[in-house]
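# Structural characterization, general
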Amino acid sequence: MWDKKYGGADYFYGTEPNGFLRNNVAALPKGRVLCLADGEGRNSVFLAEQGYDVTAIDQSIEGIKKGRRLAAERGVNVDYIHGDLADFDIGQDRWSAVVSIFCHLPQPLRSDVHKRVVQALKPGGVFLAELYHPDQLAYKTGGPPVESLLVRPSDLKRELAPLEFNHLAEVERDIVEGTGHRGLGAVTQAIAVKSS
């Protein structure tokens, strides 16, 4: 499915970073950053442009090819990994930040990935996420059309314990990201810190 979406000439979600990430990049400590389900590279390339040491994982080889192309065009380096979050070793005390932008996973896998993210963050590390909220089903402007793949703030609070949230909110906002996300949407946003 994702190779088909990303196989065209255009960037399905555009080449500009997610707005929530762009507006909150200063919340991420400098150092190594992991981008989950990075797609065609718009967010990882943006972070590399800000001076971060970025690794990005995605299951789509077509997405990774376009991410590498975008990174080359922008003159930055990103370590792209073709892999599945179900069996990707995120590591232990490894990352200064983990970024999850519209990374929608089945609940059991999402919960497992989030528990591994907590372990993988260094003390003082930050998890930043924007995900579609279940209310998004009424908007039909992007995201999966399946409620079980959508995320409430309470889900993140439970799955990311014991991270401390500096920001956790349900937000309605206009999203313009390529042709894939276009229009008013309902999202869950989070910025959470691992205590030192």
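Treat the numbers as computed from the prediction; the structure is a model and nothing was measured.

Moving on, we come to the packing of aromatic side chains. Throughout the structure, instances matching the rule amount to 3 aromatic pairs. Between the aromatic rings of Tyr-6 and Tyr-13, the centroid separation amounts to 6.4 Å while the plane-to-plane angle is 75°, which identifies the pairing as edge-to-face. An aromatic cluster is present here, built from Tyr-6, Phe-12 and Tyr-13 joined pairwise through their rings. Positioned above the aromatic ring of Tyr-52 is the side chain of Lys-30, whose terminal nitrogen or guanidinium carbon lies 4.1 Å from the ring centre. In this structure, Arg-32 packs its charged tip against the face of Trp-95, placed 4.7 Å from the ring centre.

Looking at where Ser-44 falls in the secondary structure, it is placed in helix H3 (residues 42-49). Using a relative accessible area of 0% as the deciding quantity, one classes Ser-44 as buried. A polar contact of 2.9 Å, which involves the side chain of Ser-44, links it to the side chain of Tyr-80.

On to the layout of surface pockets. In this structure, the largest pocket spans a volume of roughly 730 Å³. For the largest pocket, the lining is made up of 38 residues, of which Trp-2, Ala-37, Phe-102, Cys-103 and His-104 are closest to its centre. Contributing elements (two or more residues each) for the lining of the largest pocket: helix H1 (2-6), strand S1 (32-36), H3, strand S2 (53-58) and strand S4 (95-101). Element by element, the count of residues in the lining of the largest pocket is highest for H1, at 3 residues. For the lining of the largest pocket, the class distribution of residues is 21 nonpolar, 11 polar and 6 charged.

Here we come to empty space enclosed by the protein. Inspection of every chain in the model, using the stated rule, returns 1 cavity of 30 Å³ or more. What lines the largest cavity is Leu-36, Ser-100, Cys-103, Leu-105, Arg-110, Val-113 and His-114. Ranked by residues supplied to the lining of the largest cavity, first place goes to helix H5 (residues 107-120) with 3 residues.

In this section: the pairing of S1. Most of S1 is tucked away, with 4 of its 5 residues classed as buried. For S1 and S2, the ladder comprises 4 bridges, and the chain directions are parallel. The residue of S2 that forms the bridge with Cys-35 is Ala-56. Since S1 and S2 lie parallel, the crossover through H3 that links them has a hand, and here it is right-handed. Where S1 and S4 come together, 4 bridges link them in parallel fashion. Within S4, the position partnered with Val-33 by the bridge is Ala-97.

Calculation notes
Residues numbered from 1 in each chain as written. Predicted model: local features only at pLDDT ≥ 70, side-chain atom pairs only at ≥ 80, totals over all residues. Heavy atoms only, no water. Phe/Tyr/Trp six-rings, centres within 6.5 Å; stacked < 30°, edge-to-face > 60°. Lys NZ or Arg CZ within 6 Å of the ring centre and 35° of its normal. Helix = DSSP H or I, 4+ residues; strand = E, 2+ residues; numbered from the N terminus. Buried < 20%, exposed > 50% of the residue type's maximum accessible area, 1.4 Å probe, protein only. Polar contact = N/O pair within 3.5 Å; in protein donor to acceptor, adjacent residues only side chain to side chain. 1 Å grid on protein atoms, 1.4 Å probe; cavity = no way out; pocket = protein on both sides within 12 Å on 5 of 7 lines; lining within 4 Å. Points joined across faces, edges and corners; volume = space filled by probe spheres on them. Nonpolar A, V, L, I, M, F, W, Y, C, P; charged D, E, K, R; others polar. Pairing = 2+ DSSP bridges. Right-handed = clockwise from strand over helix to strand, strands pointing away.

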